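Given next are the chains, with one letter for each unit.
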Amino acid sequence: MVAIWREPGPTRSPSPVKRVLYTERCRDEDGMLYHVVVWRDWPGSPLTSYTLEDGTPVHYEDQCRFALPDGRILSRCGD
């Protein structure tokens, strides 16, 4: 068997493959219902990120609350 040598090309780092872990039903102060999507940022990583279903980023505040970019607070709904 003969190995063929070729010039190395530019290296590319793999892009993260985000996966949906679960969704959280939440409400804002006015009672409007939202679904917050919890993403696993990288397979096997403990890091997560949060968005609304339409892709709007959401900031995790604590175990019960998320903050929207406009400052509104979403609270998790009890089932």
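Everything below is about the structure printed above this text.
Note that the structure is a prediction, hence the values are computed from the model and not measured. Positions within a chain are numbered from 1, following the residues in the order the chain's sequence is written. Two thresholds apply to this predicted model, a pLDDT of at least 70 for residue-level local features and 80 or more for giving and counting side-chain atom pairs, whereas whole-chain, interface and lining totals are computed over all residues. No hydrogens and no water enter the side-chain calculation; it runs on all heavy atoms of the structure.

Draft legend 1. Region of the structure containing the environment of Tyr50. For the purposes of this entry, the term helix denotes a DSSP run of H or I that reaches at least four residues, the term strand denotes a run of E that reaches at least two, and both are numbered from the N terminus. Its location among the elements puts Tyr50 in strand β3 (residues 48-52). Relative accessible area serves as the criterion here: at 16%, Tyr50 is assigned to the buried category. In this structure, the C-alpha to C-alpha distance between Tyr50 and Val20, residues 30 residues apart in sequence, is 9.6 Å. It only takes one pair of heavy atoms within 4.5 Å for two residues to be counted as in contact. Every residue in contact with Tyr50, bar those within four places of it in the chain, is listed here: Val36, Val37, Val38, Trp39, Thr56, Pro57, Val58, Tyr60 and Phe66. Polar contacts, as counted here, are pairs of nitrogen or oxygen atoms within 3.5 Å of one another; within protein the pair requires one atom able to donate a hydrogen and one able to accept it, and residues that are adjacent in sequence qualify only if both atoms are side-chain atoms. There is a polar contact of 3.1 Å between the side chain of Tyr50 and the side chain of Thr48. Note on exposure labels: buried denotes an accessible area under 20% of the residue type's maximum, exposed denotes more than 50%, and partly exposed covers the range between, all computed with a 1.4 Å probe on protein chains only.

Draft legend 2. Examining the sheet that holds strand β5 (residues 65-67) more closely. Within the open sheet, the 6 strands sit side by side as β3-β2-β1-β6-β5-β4. Their pairing is antiparallel. Edge positions in the open sheet fall to β3 and β4 (59-62), since each of these has one partner strand only. On average, each strand axis in the sheet is tilted by 40° relative to the strand beside it, whichever way the strands run. At least two DSSP bridges between two strands are required for those strands to pair. Of the pairings in the sheet, the one linking β4 to β5 comprises 3 bridges and is antiparallel in character. The partner of Asp62 across the bridge, within β5, is Arg65. Axes here mean lines fitted to C-alpha atoms, for a helix over just the part in contact, with angles spanning 0 to 180 degrees between N-to-C directions.

Draft legend 3. Expanded view of the pattern of salt bridges. Put simply, a salt bridge is a Lys or Arg side-chain nitrogen that is within 4 Å of an Asp or Glu carboxyl oxygen. Inspection of the entire model under this criterion finds 5 salt bridges. The residue Arg76 makes a salt bridge to Glu24 at a minimum N-O spacing of 3.4 Å. One end of the pair, Arg76, is in strand β6 (residues 73-76); the other, Glu24, is in strand β1 (residues 19-27), and 52 residues separate them in sequence. Owing to a relative accessible area of 27%, Arg76 belongs among the partly exposed residues under this scheme. Here the residues in one salt-bridge network are Asp28, Asp70 and Arg72, joined through shared partners.

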